[in-house]
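Residues per chain are reported as follows:
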Amino acid sequence: MIKVVTVKDYDEMSAKAFEVIKEIVTAKPDCVLGLATGSTPIGLYQNMVRDHEENGTSYSNARTVNLDEYLGLPKDHPESYYSFMHRNLFSGLDIPETSISLPEDGEDKAAQCEKYDKIMDAVEVDVQLLGIGSNGHIGFNEPGTPFDSKTHVVDLNDSTRQDNARFFDSIDEVPTQAITMGIGTIMKAKKVLLVASGANKADAVAAMVNGPKSENTPASALQSHPDTILIVDEAAASKLA
Ligand code: GLP
């Protein structure tokens, strides 16, 4: 079931999402956090860093697993998700580097997928944070991805590359492929926290919550997750029934 919490704007969404994370980290310092990239979680990450600095909330015993990574970008490229996560979150927390996992590019893609599945099989994710693509994707699981998928390589849709082009000098520089945690793996998280903001997410949010559960809308898989909370601002909630 998807519990919908509608808030006024991006800042309120970030603050509410932070409350959810803080409660988990406080109750269980050795929690496993599933993390996401994109513009949407940045405000939440800023709240986490501020709280760590001001209140000493520690992540020294926490573990993190990220959803996805581009293929074809060096790890130290500023737009790799490895760089994004270190810049926006990890560098501001006390989490040991050895407790951080992201899917990785490599010569042998199948081996990289298998390696990440082993990592995911060994952990129980306490909360998986998600954003949503304007086409309803979660992680980089594009429309048509089977709901029982594990880590896999994806060809990114043109619309996804267009959406993400703002981070690159030109559309030609946006990678065409990525490696992503599958929907089946995301569904195993104890709790899912999806954040969405802005009018360009309104169709995807409505399809996820009110639409049929269909592989055309990857996020609609969450309709059968036992504990999903959607924190959505008014603009992104505007097409909800
Ligand atoms: C990317 C990421 C997704 C993210 C989506 C939305 O495609 N792989 O995990 O949810 O973008 O990003 P934004 O929050 O910038 O709209």
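Relevant structure appears above.
Residues numbered from 1 in each chain as written. Predicted model: local features only at pLDDT ≥ 70, side-chain atom pairs only at ≥ 80, totals over all residues. Heavy atoms only, no water.

A. How the structure looks around the overall build of the protein chain. In terms of helices and strands, the protein chain carries 7 helices and 10 strands. Taking 18 Å as the expected radius of gyration for a compact globule of 241 residues, we find that the protein chain reaches 17 Å, a close match to that expectation. With the C-alpha coordinates of the protein chain rotated into their principal frame, the extents come out at 45 × 40 × 35 Å. Residues classed as buried in the protein chain amount to 56% of the 241 residues present. Long-range pairs, those at least 24 residues apart, make up 79% of the contacts in the protein chain with a sequence separation of at least 6. For the protein chain, the accessible area works out to roughly 10,400 Å², and carbon and sulfur atoms hold 49% of it. With 21 positive and 37 negative side-chain charges, the protein chain shows a separation of 5 Å between the mean positions of the two kinds. (Helix = DSSP H or I, 4+ residues; strand = E, 2+ residues; numbered from the N terminus. Rg over C-alpha atoms; globule rule 2.2 N^0.38 Å. Buried < 20%, exposed > 50% of the residue type's maximum accessible area, 1.4 Å probe, protein only. Contact = heavy atoms within 4.5 Å. Areas by Shrake-Rupley, 256 points an atom, 1.4 Å probe, with all protein chains shown as cover. Lys, Arg positive; Asp, Glu negative; His and termini not counted. Charge placed at Lys NZ, Arg CZ, Asp CG, Glu CD.)

B. Structural view of the site of the ligand. Near the ligand, the surroundings consist of 14 residues, among which S39, T40, D68, R166 and K201 are the closest. Here D68 contributes a side-chain N or O atom positioned 2.8 Å from a nitrogen atom of the ligand. K201 is positioned such that a nitrogen or oxygen atom in its side chain is 2.6 Å from an oxygen atom of the ligand. The fraction of the free accessible surface of the ligand (390 Å²) that becomes covered by protein chains is 94%. For the shell around the ligand, the per-class residue count stands at 3 nonpolar, 8 polar and 3 charged. (Near = heavy atom within 4 Å. Polar contact = N/O pair within 3.5 Å; in protein donor to acceptor, adjacent residues only side chain to side chain. Nonpolar A, V, L, I, M, F, W, Y, C, P; charged D, E, K, R; others polar.)

C. Just the side chain of E79, in detail. Mapped onto the elements of the fold, E79 is located in the loop between strand 4 (68-70) and helix 3 (81-88). It is R87 that comes nearest to the buried, bridge-free E79 among opposite-charge side chains, at 4.2 Å. (Salt bridge = Lys/Arg side-chain N within 4 Å of Asp/Glu carboxyl O.)

D. Region of the structure containing the pattern of salt bridges. Here the structure, examined in full by the defined rule, presents 13 salt bridges. Among the salt bridges present, the one from E19 reaches K16, with a minimum N-O distance of 3.7 Å. Of this pair, E19 and K16 both sit in helix 1 (residues 10-27), separated by 3 residues, roughly a single helical turn. Here D227 ties to K191 by a salt bridge, and the two come within 3.2 Å at their closest N and O atoms. Of this pair, D227 sits in the loop between helix 7 (202-210) and strand 10 (228-233) while K191 sits in strand 9 (residues 191-196); the two residues are 36 residues apart in sequence, bridging distant segments of the chain.

E. Geometry of the packing of helix 1 against helix 2 (residues 42-55). Axis separation between helix 1 and helix 2 bottoms out at 8 Å; the angle between their running directions is 55 degrees. Looking at the two axes, helix 1 sits oblique to helix 2. Seen along the crossing, helix 1 lies across helix 2 with a hand that is right-handed. Facing Y10, S14, A15, A17, F18, I21 and K22 of helix 1, the residues of helix 2 in contact are I42, G43, L44, N47, M48, D51 and N55. Its residues assigned to classes, the contact of helix 1 with helix 2 shows 8 nonpolar, 4 polar and 2 charged. (Axes fitted to C-alpha atoms, helices over the stretch in contact; angles between N-to-C directions. Parallel < 35°, antiparallel > 145°, perpendicular 65-115°, else oblique. Left-handed = near helix turned anticlockwise from the far one by under 90°.)

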